Amino acid sequence: MMLVAAIRPDDWNFPLFLHLVGAMTLVGALLLVAVSLAGAGRGGSVATVRLGFRGLLFAALPAWILMRVSAEWLANKENLDEDPPGWVDAGFMISDTGFLLLVAATVCAGLAARRAAREGAAGGSGLSRAVVVLAAIALVAYVFAIWAMTTKPS
Amino acid sequence: MYDWLLFLHVLAAFMVATTAVMYTAFAFGASPGGLAIRVADVLWNVGGLGTLILGIWLALYVDGYEIWDGWILGAIAVWVIATGTGERARVELAEGGGRFTAVHWVRTVAVLGLLVLMVWKPGA
């Protein structure tokens, strides 16, 4: 048996809620993009390539901002921003590296959508594959982040 | 043990939320593709079962939580609503039903309600 786990001041709840909504939307959008573009690479339509770009631009990027800003807010409330423990450092490192992957994936997806509009779905297939790879790397990293945030090692 | 239960419970919640996000794109008119729909539905099934089973396991495992606590019973009730509307949304999408968007939004609000209950734990 464990001791009570729910010892958290009430004023941490709202930033935690925003953090979770942002993180869940980010993971959902990344998976949608990866799966849609993987499908497009196997003879999908121009619309699925466009969905990949829009999913990153209008869902994943805003979700990342919500997740990251609320993470900073939470760390500040918990006084973890001065001398952060390892799991907080890991979270920030993964999210910041993830942002670079996200920006790269969005640029690739935008170019793929433009080429696909010109030449058909096959036109941007190389770029689409790059987006799938970048999104997959980010997703694996975010699963590790979820593990670190819930188990709080060290 | 507790850490792993919590991690898997939260991971299952991410799967459920991922399905809600993917179906939201479909509700906004995105052309989903068969692979995306299949992945979303598998995540909904695995995540749904995972959140329920691991959530009940956690409630039994952690001192201070009881399975009959109001917020846990409330969460189970909302989970049932989310599951019912989720199944309806899947059928509506597959059949091109006119009520797909409405049913999907009810399911999405239920998923958000579950998150609110898990974070605030009213009465705990």
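Scroll up to find the structure.
Keep in mind the model is a prediction, meaning the values are calculated, not measured.

Draft legend 1. A look at the overall build of chain B. Within chain B, the regular secondary structure consists of 4 helices and 0 strands. Reading chain B from its N terminus to its C terminus gives the helix and strand order α-α-α-α. Computed over the C-alpha atoms, the radius of gyration of chain B is 15 Å, within 12% of the 14 Å expected from 2.2 N^0.38 for a compact globule of 124 residues. Here the C-alpha coordinates of chain B stretch approximately 45 × 25 × 20 Å along the principal axes.

Draft legend 2. Molecular detail of the overall build of chain A. Looking only at helices and strands, one finds 4 helices and 0 strands in chain A. When the helices and strands of chain A are placed in sequence order, the string is α-α-α-α. The buried share among the 154 residues of chain A stands at 47%. Sequence-distant contacts in chain A: of pairs separated by 6 or more residues, those separated by 24 or more amount to 77%.

Draft legend 3. Region of interest: the interface of chain B and chain A. The interface is formed by 29 residues belonging to chain B together with 31 residues belonging to chain A. Of all the secondary-structure elements, those providing two or more residues to the side of chain B that touches chain A are helix H1 (2-27), helix H2 (34-61) and helix H4 (100-120) of chain B. In terms of residue count, H1(B) provides more of the side of chain B that touches chain A than any other element does, 13 residues in total.

Draft legend 4. Seen up close, H2(B). End to end, H2(B) covers 40 Å across 28 residues, agreeing with the expected 40 Å (1.5 Å per residue, within 8%). Those residues of H2(B) not exposed but buried are B:Ala36, B:Val39, B:Ala40, B:Leu43, B:Trp44, B:Gly47, B:Gly48, B:Gly50, B:Thr51, B:Leu54 and B:Gly55.

Draft legend 5. Up close: unusual backbone geometry. One non-glycine residue, A:Lys152, lies in positive phi territory at about 45°. Residue placement: A:Lys152 occurs in the segment after helix H4 (125-151). Positive phi, close to 45°, is recorded for B:Lys121, a residue that is not glycine. Topologically, B:Lys121 is positioned in the segment after H4.

Draft legend 6. The environment of B:Phe26, seen in detail. One can find B:Phe26 in helix H1. Taking the C-alpha atoms as reference points, B:Phe26 and B:Thr85, separated by 59 residues in sequence, lie 15 Å from one another.

Draft legend 7. Looking closely at the nonpolar core. Judged by nonpolar contacts, the single largest core of 81 residues is most densely connected at A:Ala29, A:Leu30, A:Val33, A:Ala60 and A:Val131. Mapped onto this core, the elements with two or more residues apiece are helix H1 (13-40), helix H2 (46-77), helix H3 (86-119) and H4 of chain A together with H1, H2, helix H3 (70-95) and H4 of chain B. The leading source of residues in this core is H1(A), at 15 residues.

Draft legend 8. Representation of the packing of H4(A) against H1(B). The contact between H4(A) and H1(B) brings their axes to 9 Å, and the two run at 135°. Put simply, H4(A) runs oblique to H1(B). For H4(A) against H1(B), the interelement crossing comes out right-handed. Along the contact surface, H4(A) presents A:Ile146, A:Trp147, A:Thr150 and A:Thr151, while H1(B) presents B:Asp3, B:Leu6, B:Phe7, B:Val10, B:Leu11 and B:Phe14.

Draft legend 9. Inspection of H1(B) at higher detail. When the terminal C-alpha atoms of H1(B) are compared, their 37 Å separation across 26 residues agrees well with the 38 Å that a helix rising 1.5 Å per residue should span. Phi for B:Gly29, located one or two positions after H1(B), is positive at around 100°.

Draft legend 10. Local environment of the environment of A:Val143. Residues and elements named next belong to chain A. With respect to the helices, strands and loops of the structure, Val143 is situated in helix H4. Judged by the 15 C-beta atoms lying within 10 Å of it, Val143 falls in the partly exposed class. Distance from Val143 to Ser128, taken between C-alpha atoms, is 23 Å for residues 15 residues apart in sequence.

Draft legend 11. Broad picture of the environment of A:Leu100. All names here are of chain A. Looking at the element boundaries, Leu100 is found in helix H3. We classify Leu100 as exposed; it has 11 C-beta atoms within 10 Å. As a C-alpha pair, Leu100 and Thr48 span 52 residues in sequence and 23 Å in three-dimensional space.

Reading the values: rules and limits
Residues numbered from 1 in each chain as written. Chains lettered and ligands numbered in written order. Predicted model: local features only at pLDDT ≥ 70, side-chain atom pairs only at ≥ 80, totals over all residues. Helix = DSSP H or I, 4+ residues; strand = E, 2+ residues; numbered from the N terminus. Rg over C-alpha atoms; globule rule 2.2 N^0.38 Å. Buried ≥ 20, exposed ≤ 12 C-beta atoms within 10 Å, placed from the backbone. Contact = placed C-beta atoms within 7 Å. Expected span 1.5 Å × (residues − 1). Core = buried A, V, L, I, M, F, W, Y, C linked by C-beta atoms within 7 Å. Axes fitted to C-alpha atoms, helices over the stretch in contact; angles between N-to-C directions. Parallel < 35°, antiparallel > 145°, perpendicular 65-115°, else oblique. Left-handed = near helix turned anticlockwise from the far one by under 90°.

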